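Listed below, chain by chain, are the residues.
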Amino acid sequence: MRGARLVSRRLLGVVPVLAIVIVGTFFLLEASSGDAVDAYLVSTGGDRGLADQLRRDWGLDRSAWARLALFVSSLARFDLGWSVAFSRPVVEVVLERLPNTLLLMGTAIALAFGAGSILGIVAANRPGSAVDRALSLGSLAIYAIPGFWLGLVLIVVFAVQLRLLPSGGIETIASGKQGLERAGDIARHLVLPVAALGMVYLALYLRMMRAGMIETWRHDFVRAALARGLPRRQVVWRHIARNALLPLVTMLGLQAASMLGGSVVIESVFAVPGLGRLAHEAVAQRDTPLLLGVILVGAVVVIAANLAVDLLYAWLDPRVGAGPETAA
Amino acid sequence: MTAEVLVRLAGAGVRYSAGLPAAIAGVSLSLARGERLAVIGESGSGKTTLALAMAGLLPAGSTVEGRIEWPAFGGAPKPGRDVGYVFQDPSGSLDPVMRVGDQLAEVAAAHGDADPHVNAVELIAQVELPDPVRTARAYPHELSGGQRQRIALALALAGRPSMLIADEATSALDPVVQKKLAELVVRLCRTNGLTLVFVTHDIALAAGLGTRIAVVYSARLAETGPAERVLSDPAHPYTKALLESHLGRDVPRGARVHAIEGQPPDPALALPGCRFALRCRHAVATCNRSEPGWAGARDDGAACILPAGMLR
Amino acid sequence: MSALRRFAGSPDGVVGAGLLLSFAIVAVFAPVAYPEDPLSIVGGPLVRPFVDWSTPLGTDRLGRDLLAGLLHGARTSMLVGLFAALVAILLGAAVGVAAGLSGGWIDESLMRITEAFQTVPGFLLALAFISVVGPSLPMVVFAIALGAWTGPARVVRAEVLSIRERDFVAAARVIGMHPVEIAWREVLPHALPPVVSLASVIVAGAILTEAALSFLGLGDPNRVTWGGLIAEGRTVLRSAPYLSIVPGLALLSTVLAVHLTGEGIVAALAGRRSFQ
Amino acid sequence: MSAPSILTARGLTKTYRTGGRIVPALDGVDIDLAAGETLAVVGASGSGKSTLARAILRLVELDAGTIHVGGRDFRRLAGAELRAERRRIQMVFQDPALALNPRGTVRSVVADPLRVHSLVEAGGQADAVAALLDRVGLPYAFADRPVHGISGGQRQRVAIARALATKPSILVLDEPVSALDVSVRGQILNLLLDLQRKERIAYLFISHDMGVVRAVADRVVVMSRGRIVENGSADAVFRSPRSPECRELLDAVPALPGR
Amino acid sequence: MKTLHEIVKSHDAIHRRTLLSSAAALAASAVVGQAAFAQTPRRGGRLVVAADSEPRNINPAIVASNGVFHVSSKIVEPLAEAAFGTPDGLAPRLALSWAGSADGLSATFRLRPNVTWHDGKPFTSADVAFSALEIWKKLQNLGRVVFKDLAAVDTPDLLTAVFRFSRPTPFQLIRNALPALTAVVPKHVYEGTDIGANRANAAPVGTGPFRFAETKPGEYTRLVRNPAYWAAGQPHLDEIVFRVLPDRAAAAGALEAGEVHLAAFSQVPLADLPRIGSVRGLSVVTKGYEALTYQLIVEINHRRPELADVRVRRAIAHAIDRDFVVKTVFLGYATASDSPVPKYDGQFHAPGLNAPGFDVARANALLDEAGYRRAAGGTRFKLRLLPAPFFNETRQFGAYLRQALAAIGIEAELVNNDAAAHLKAVYTDHAFDLSVGSPVYRGDPAISTTILAQGGLPAGVPFANQGGYQSAEMDALIARAAGMLDEKARTGLYHEFQRKVLADVPFVNVAEWGFTSVASSRLRNVDTNPRWAVSNWADVWLDA
């Protein structure tokens, strides 16, 4: 019940958000110097007639409003339009890349969340201890590392020097591998980009979890639980950790967007054909429908992630959706 | 009465950390099995510290001066098993994201209960909540303040302790609920033979609960004794003032109410004399010079130089 | 006063502030030590560090002094970080206060806009924005702020919503205080501390975002930036690793210093730990 | 009810919507308050008495009902007019620690209403503050203390001084002593009683403590679930309560043996 | 502060070493090449090639660009390919011979017999006629200029195609355009369809040694051996996979990790070449790009009054130390340039050109003479400098030029744009003062070189004169050369064109460069023609 109400309220709020995103993105690109034809001519050159003809072919001779209206009306038919840079429907192009990004982001966030929260609990177990100092400083240092730089270093060390892992791509190209073998191959390819993308979040979760644990320690119910004679271990894991986890779960939703942003750089460093890189290409190619498509699909991913997080949160925290207590 | 002594304090004091002033100092009193002690004091007086010290629940890093002994437990009490503790804030002392039944069962299991979930329901019934099975499935936020405090009470009892300490357990509740809960606590203590320490700022509430009363003022024990004696024949002017300040349903409208002028001194201030002297109608010069000694028996007396019976 | 003392009591904060201060001194005095344009070609290309003492940290592909670039880069990085955070916080605080205080449809629409900005990855937004308007320092600052203001906005709004319900604000209404004065005097000063503790995260994020933009070639070409240095060095990562490692370490330690300082500020703001 | 009413509220209605459920907080409440009298509003928590106080001060917007303060339709006022009219009706909150801007000083708190309503000439502020502090029994030396540096009782005095600054004819007192220690409670009650005697201010006194109510109230209304279930002179209510809610409240007052 | 010149001198030793090592690399690759000839080619294997872009339209008949050719040249063939040491620098592909008529109104191609399309249909003159008339002339970015006067293509028989021009067209131009502009696509696939939207543009059908197999966007494009290729015994490879590696550093890493065998088109940054060249199993190849020469030029906006003065333009030309640029920006992998026609082109490059040398004093004197004296801060005037973002080197040269201009009192503010914005700013909006450009020389000045100086072009034509330079004399010269049928006279006119450019300085030529490849040492025949990277690779093989 609670879940259903949550979902419907979220979905209703999505429409204006998406409308703002679409119009904002559209006019941002509209305000840019150079259009899709300029971007196209970079690699080919061509005379004025060619440029004019391309603009006509691609509908760029129409007014911005007309093109926006066209996009919106096709959107109403669940059609994301035509990518001029790829000469293919935007949906096709975007959906091709989406799984890779989801895989990369999902793995990174899951590992970062798992490892980060567990290490955070460990660090908070004895604040100020050597383990805590090491974890805290280490995480702070990792938190300060630029992801792209980390990616470069990882490639040099693990792919080039040690030759342990592939330097990029999402799987061995045209390998013909199937089933488990293919999954293993993809996993090997994911190790480095996931590390470069997720390390920062791991550090973040570690720090948040540690702070949350220490904060929760101060709560009355912890003191009360100990006063009732519950073993410390049990209090830490069952009560403190679970409560301290709640703000981290909230963060998860917000992070979907920031990770998508981070994947722009990571995907380009590791040559992962994903949404982030596609967005970069779309901007470079001034491919407005494509960028809108990417951002729209990205927004849907972010919104879906938020929804999932909300549901997860509602499951973890029974207070959600119950409304505030009545005060007289 | 030569009942078994559960806890004995001798010149006991507590400092939360080395640099801080004593939160309570120089307390000597003892509590025997089956007794009900009401500890009365204003905010910041040190009454909660006294309760925590008696429960053996002082936070790490605090130091105890003097002696606190638990002869009946053979050493410091085991939390939950020897002493059950109910905290002031009914919403804060429960884990907000766990069903209350699970919390009860968890504590019962920790104390070796073989069938904790059945026991949880029994405990809920014991604190007189309606529909115990359904209540067991509720989350804390789904209960009212009074119901939550009953659950907290049940949690304190889940380890079958012999002593119960309720620290302002009813103050956050409104008077109707407060009264019912206080009555329940007394009933439970009577039926289970529990020893009770009930901390409150309301002397009238204490009057209805305790067999004995201890009055705490500004980190010092002002007076202690059997409830009847303290209420009818207070030996400390502060106790007397508290009694006079009580507003019952019979105060005449329009007249000025009884008031104690002035403020309690900052506990951090080192005062040479009696800490109540500045507000005391009976104070004499010596009161401002030296701290009064204890007059009367250890468990029946006051920290005042006034001769016994003077305030009657 | 006591906040300062509490800050001094946090070893993280002291170390961070010390580091930051030294970086700031470096940034301020960079033009004194290297009055020449740090982009000028002063030596042979790819001179290794500690070989030629006129260019102690060596030179890049075009023979530009890495040390000069590093010092001048500190200026850019810190300026961008500070200003982007400032713009983000001011913008966010303004939106948050407006939304939290006005409520109703204004709140609703401002929050929808905030959500829209949160839905679009901030870095992508900055990247698109810079691609569109062209890279120059003010635009980079603005682009970063564009992706960073939502955090402060939400925090401020949440704070305002909770402060708005507090009795002292009600008391101000009861005495007939003007809503603007209530916002300015009663609400805002209490809504800002959580944002201040957020500030270090925003500054650090801004420095890293600037670096990432420069890394993708979207930095101001007339300025030396650490991200730009890393990007230039990256093409020769294997033959001249110092070109990307040294500015990378500078970046890392600055961001680390900002974070450490932030820890100190949080410790100072957390105030007295009360004992029952 | 012989004296003319200076506060008349009719049919006050307010519902809260929480998590889909509709909870009535006020359900057709009528209130009359005469000049210089004390009307106590009592009830258990959740009865709607605090909402009533806040609704009368326009801190909570009502769904329906009218409020007349000194003959003016208070709910029709808005903007500058409302702010000016607020001078007539002031409020003292339950917890003075929450009701004073934690960054303020005693002076800034007390002077705010003077400044907002331009009640003193330039340069006259210090004297006005001193006079107000004197009325609540605080020395002028307190003026520059930060509000977090004084005791709870002193803070409540400061809050009362602030409320008095605009020379109101009505004070809404929302549980003004329930957050205070017993030894301080009497002082504040006496202060309020003295002020009323000297200045004929009408009190709307919200409380759940029948002992306190007994000490201050001329008339009592008992609320339960947003409705008034009993209404009468204090003497009558205490002597022979008619509603079960009122009896329950009276029963809950702990009594000392022998009194 | 040392002058740039002194610095160059003091570090000459380093440069010499760099040059020597690249020369050594050249020699090494030559040795590899000879060794390859000595061995029998091994059949089979998969060649993995790094690709930095993945054009969605890889139909070379429509898009004549190196990025497209890189992949499509293996699938779709032109009439003739560039070659080392043949009389007119060409080797036959789909055409066996070609000849132009004296009046310049027709050109005749004899086509290769027994050639089949990848779908099994026979290749005929109809395909050539269709490609020429419907695609090259109408749709192709370069063909629209070269073939603008093509009126008809006669197909007297299945293996003869006769191009008919409405106006005299120099056959020299047609011939020089053959490798790049004449990719032939099958008529039966395109006829009657919307050619621009035909799916075959992304999955071309051709006659080449490799067939298009599949593409996975963002990952790779795979070509497989065409078993029915017309050249007996070729190709040697089973598969070619173009792996998309947009990041330059990633390409180097993948090479070193052994994940790719070849990175062409200078995907490995120049500065990394000495190191990567010394990695076991990898070698640096600079041969094979001779006909793919790019030029580094400074485009000048003559609308700025200062820059309208030829003395100022000359001063800028004198301010640039071409040797320094070659040695530092290009690390020796380039040649100083004195003309819009590269020195490689012995046919058109004018002899005895006297390019303005590096002479700061002379530059300063010229500026003084032009009336632009230094102000208090030493600055004469300020201008905007837009380096094209297309190559690392164009950007780096931009950074250098800013310094070089500072030395003569011109303060340049760098404006970095992305590719699309740069194109718009320079070639449509003219929102620049100086711009660093990189035009391609395509074997004949008429194809893409003379437009750099031609006046009267509409705004919006990229890689053309958008600087506002206008000279009736120059325009007449260009027009005359375009219609000149006599090869000798035509060549002479282009020599004159080059001298005129030197005199007027509509733009400044700085350097010309080819690309480099880094290849696995197992890969053979990696430099066998002057357009190797965009040729069909039928003879390439992978050693065990």
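Residues numbered from 1 in each chain as written. Chains lettered and ligands numbered in written order. Predicted model: local features only at pLDDT ≥ 70, side-chain atom pairs only at ≥ 80, totals over all residues. Heavy atoms only, no water.

### A look at helix 10 (residues 244–252) of chain D
Operational definition: Only protein chains enter the accessibility calculation, which uses a 1.4 Å probe; a residue is then buried when its area is under 20% of its type maximum, exposed when over 50%, and partly exposed in between. Only DSSP runs of H or I with at least four residues qualify as helices, and only runs of E with at least two residues qualify as strands; both kinds are numbered from the N terminus onward. When we speak of the arc, we mean the arc of directions from the helix axis to the C-beta atoms.
Those residues of helix 10 of chain D not exposed but buried are D:Cys246, D:Leu249, D:Leu250 and D:Ala252. Taken down its axis, helix 10 of chain D places every buried residue within 160° of arc, on the same side.

### Side note on the sheet that holds strand 8 (residues 210–216) of chain E
Residues and elements named next belong to chain E. Rule in force here: Only when DSSP finds a minimum of two bridges between them are two strands counted as paired.
Sheet architecture is open: 7 strands sit in the order 8-9-10-1-11-19-12, paired in mixed fashion. Unpaired on one side and paired on the other, strand 8 and strand 12 (282–285) mark the two borders of the sheet. As judged from the 6 bridges shared by strand 8 and strand 9 (residues 220–225), these two strands associate in the antiparallel manner. Bridge assignment links lysine 216 to a residue of strand 9, and that residue is tyrosine 220.

### Some details on the environment of D:Arg247
All names here are of chain D. The following threshold applies: In this description, contact between two residues means that some pair of their heavy atoms is separated by no more than 4.5 Å. Pairs of N or O atoms are called polar contacts if they sit within 3.5 Å, as long as, within protein, a hydrogen donor faces a hydrogen acceptor (for residues adjacent in sequence, only side-chain-to-side-chain pairs).
As for its placement among the helices and strands, arginine 247 is situated in helix 10. A residue is classified by how much of its surface remains accessible, and arginine 247, at 39% relative accessible area, is partly exposed. Separated by 10 residues in the primary sequence, arginine 247 and valine 237 have C-alpha atoms spaced 9.2 Å apart. Residues in contact with arginine 247, not counting those within four places in the same chain, are Pro241 and Arg242. Within the structure, arginine 247 has its side chain in polar contact with the backbone oxygen of arginine 242 (distance 3.2 Å).

### Here we look at the pairing of strand 10 (residues 239–244) of chain E
Every regular strand shows the same layout, with side chains that alternate between the two sheet faces. All names here are of chain E. Among the 6 residues of strand 10, 6 are classified as buried, and the element is accordingly described as predominantly covered. When strand 9 meets strand 10, the two strands line up antiparallel, connected through 5 bridges. Paired with valine 224 across the strands is glutamate 239, a residue of strand 10.

### Looking at the side chain of E:Asn66
All names here are of chain E. Position of asparagine 66 among the secondary structure elements: in helix 3 (residues 66–72). By relative accessible area, which is 11% here, asparagine 66 ends up buried. A polar contact of 3.1 Å, which involves the side chain of asparagine 66, links it to the side chain of tyrosine 294.

### With respect to the nonpolar core
The nonpolar side chains of a soluble globular protein tend to be buried, and buried together. We apply this condition: Only buried Ala, Val, Leu, Ile, Met, Phe, Trp, Tyr and Cys residues count toward a nonpolar core, and they belong to the same one when joined by side-chain atoms within 4.5 Å.
By size, the foremost hydrophobic cluster in this structure holds 396 residues, and its most contacted members are B:Leu164, E:Leu79, E:Phe109, E:Phe163, E:Ile320 and E:Phe397. Among the elements that take part in this core, helix 10 (residues 232–269) of chain A stands out by supplying 17 residues, more than any other. Once residues within four sequence positions are removed from consideration, E:Phe163 is found in contact with E:Leu105, E:Ser106, E:Ala107, E:Phe109, E:Val128, E:Ala132, E:Trp136, E:Phe147, E:Leu150, E:Ala152 and E:Val153. If you look at the next biggest cluster of nonpolar residues, it comprises 44 residues, including D:Val147, D:Leu180, D:Ile188 and D:Leu193.

### Looking at the environment of C:Gly103
All names here are of chain C. Considering the arrangement of structural elements, one finds glycine 103 in the loop between helix 3 (66–102) and helix 4 (104–119). For glycine 103, a relative accessible area of 14% corresponds to the buried category. C-alpha of glycine 103 to C-alpha of alanine 211: the two residues are 108 residues apart in sequence and 38 Å apart in space.

### A closer look at the pattern of salt bridges
Side-chain pairs of opposite charge can arise where the charged atoms are in close proximity. Stated precisely, the cut-off is as follows: Between Lys or Arg on one side and Asp or Glu on the other, a salt bridge is scored when a side-chain nitrogen of the former is within 4 Å of a carboxyl oxygen of the latter.
Applying the stated rule across the entire model yields 89 salt bridges over all chains. Across the pair A:Arg55 and A:Asp35 runs a salt bridge whose closest N-O atoms are separated by 2.6 Å. On the criterion of sequence distance, the pair formed by A:Arg55 in helix 3 (residues 48–57) and A:Asp35 in the loop between helix 1 (2–30) and helix 2 (36–44) is long-range, its members being 20 residues apart. The network of salt bridges with shared partners includes C:Glu181, C:Arg185, C:Glu186, D:Asp112 and D:Arg115.

### So, the pairing of strand 16 (residues 410–414) of chain E
All names here are of chain E. Counted only if it meets this: If you view a crossover with the strands going away from you and the path from the first strand over the helix to the second runs clockwise, you call it right-handed.
Covered by surrounding structure in strand 16 are Ile410, Ala412 and Leu414 only, the residues Glu411 and Glu413 on the alternate face being uncovered. The pairing of strand 15 (residues 381–387) with strand 16 spans 5 bridges and is classified as parallel. Paired with phenylalanine 381 across the strands is isoleucine 410, a residue of strand 16. At this point the chain moves from strand 15, through helix 14 (residues 392–407), to the parallel strand 16, and the crossover so formed is right-handed.

### Observations concerning the arrangement of the chains
Most contacts, when the 8 pairs of chains in contact are compared, are made between chains A and E. A minimum C-alpha distance of 46 Å separates chain B and chain E, which share no contact. For chain D and chain E, which are not in contact, the least C-alpha distance works out to 48 Å.

### Things to note about the interface of chain E and chain A
Reports often express the size of an interface as the amount of accessible area lost when the parts come together. What counts here: Joining two parts hides part of their accessible area as seen by a 1.4 Å probe, and the buried area is that hidden amount summed over both.
Across the boundary between the two partners, chain E contributes 49 residues, which contact 49 residues of chain A. For the pair chain E and chain A, the summed buried area comes to about 3,600 Å², and 53% of that belongs to carbon and sulfur atoms. Of all residues in chain E, E:Arg56, E:Arg144 and E:Pro217 give up the largest surface area on contact with chain A, accounting jointly for 18% of the area buried on that side. Run the count over chain E and chain A and you get 8 residue pairs in polar contact (both at pLDDT 80 or more).

### Some thoughts on a nonpolar patch on the surface
Residue and element names in this part refer to chain C. Condition: Patches draw on residues past 30% relative accessible area with no salt bridge. Two like charges within 9 Å are joined, as are two nonpolar side chains (Val, Leu, Ile, Met, Phe, Trp, Tyr) within 5 Å. Calculation of accessible area relied on Shrake-Rupley with a 1.4 Å probe; when residues are assessed, cover is drawn exclusively from the protein chains displayed.
A contiguous nonpolar patch, built from Leu21, Ile25, Val28, Phe29 and Val32 and spanning about 510 Å² of accessible area, is present on the exposed surface. Structurally, isoleucine 25 is set in helix 2 (residues 11–33). For isoleucine 25, a relative accessible area of 46% translates into the label partly exposed.

### A word on the sheet that holds strand 6 (residues 89–92) of chain D
Residue and element names in this part refer to chain D. In plain terms, the rule: Between N-to-C directions, angles span 0 to 180 degrees; the directions come from axes that are lines fitted to C-alpha atoms, helices contributing only their stretch in contact.
Strand order in this open sheet of 6 strands is 6-7-8-3-9-10, and the pairing throughout is mixed. Two strands close off the open sheet at either side, each with one partner strand: strand 6 and strand 10 (227–233). Adjacent strand axes in the sheet meet at a mean angle of 20°, parallel and antiparallel pairs treated alike. Here 4 bridges tie strand 6 to strand 7 (residues 170–174), and the two strands are oriented parallel to one another. Across the sheet, the residue bridging to valine 92 is leucine 173, located in strand 7.

### Notes on the packing of aromatic side chains
Here is the rule we go by: Here a Phe, Tyr or Trp ring, Trp counted by its six-membered ring, pairs with any other such ring whose centre lies within 6.5 Å, and the pair is stacked when the planes are under 30 degrees apart, edge-to-face when over 60, and tilted otherwise. Note on geometry: a ring has a charge over it if NZ (lysine) or CZ (arginine) is within 6 Å of the ring centre and within 35 degrees of the ring normal.
For the structure on display, the rule yields 35 aromatic pairs over all chains. Ring geometry for A:Phe27 versus A:Trp65: centroids 5.0 Å apart, planes at 55°, classification tilted. Separated by 38 residues along the polypeptide, A:Phe27 in helix 1 and A:Trp65 in helix 4 (residues 64–76) bring together distant segments of the chain. A:Phe27 sits in the partly exposed class, given a relative accessible area of 27%. Residue A:Trp65 is classed as exposed on the basis of its relative accessible area of 60%. An angle of 75° between the planes, with centres 5.9 Å apart, marks the rings of E:Phe390 and E:Phe463 as edge-to-face. Highlighted residues: E:Phe390 in the loop between strand 15 and helix 14 and E:Phe463 in the loop between helix 16 (445–448) and helix 17 (472–483), separated in sequence by 73 residues. Here the aromatic cluster, defined as three or more aromatic residues joined through ring pairs, consists of E:Phe265, E:Tyr289, E:Tyr294, E:Phe330, E:Phe391, E:Trp513 and E:Phe515. E:Lys74 extends its terminal NZ or CZ atom over the ring of E:Trp537, reaching a point 3.7 Å from the ring centre. E:Arg524 extends its terminal NZ or CZ atom over the ring of E:Trp541, reaching a point 5.5 Å from the ring centre.

### Some remarks on the confidence of the model for chain A
Inclusion rule: What pLDDT reports is the predictor's confidence in each residue, on a scale of 0 through 100.
On average, residues of chain A score 85 in pLDDT, and 96% of them are at 70 or above. Ignoring residues within four places in sequence, the model shows residues 323–328 of chain A, a span with pLDDT below 50, making 12 contacts including any to other chains.

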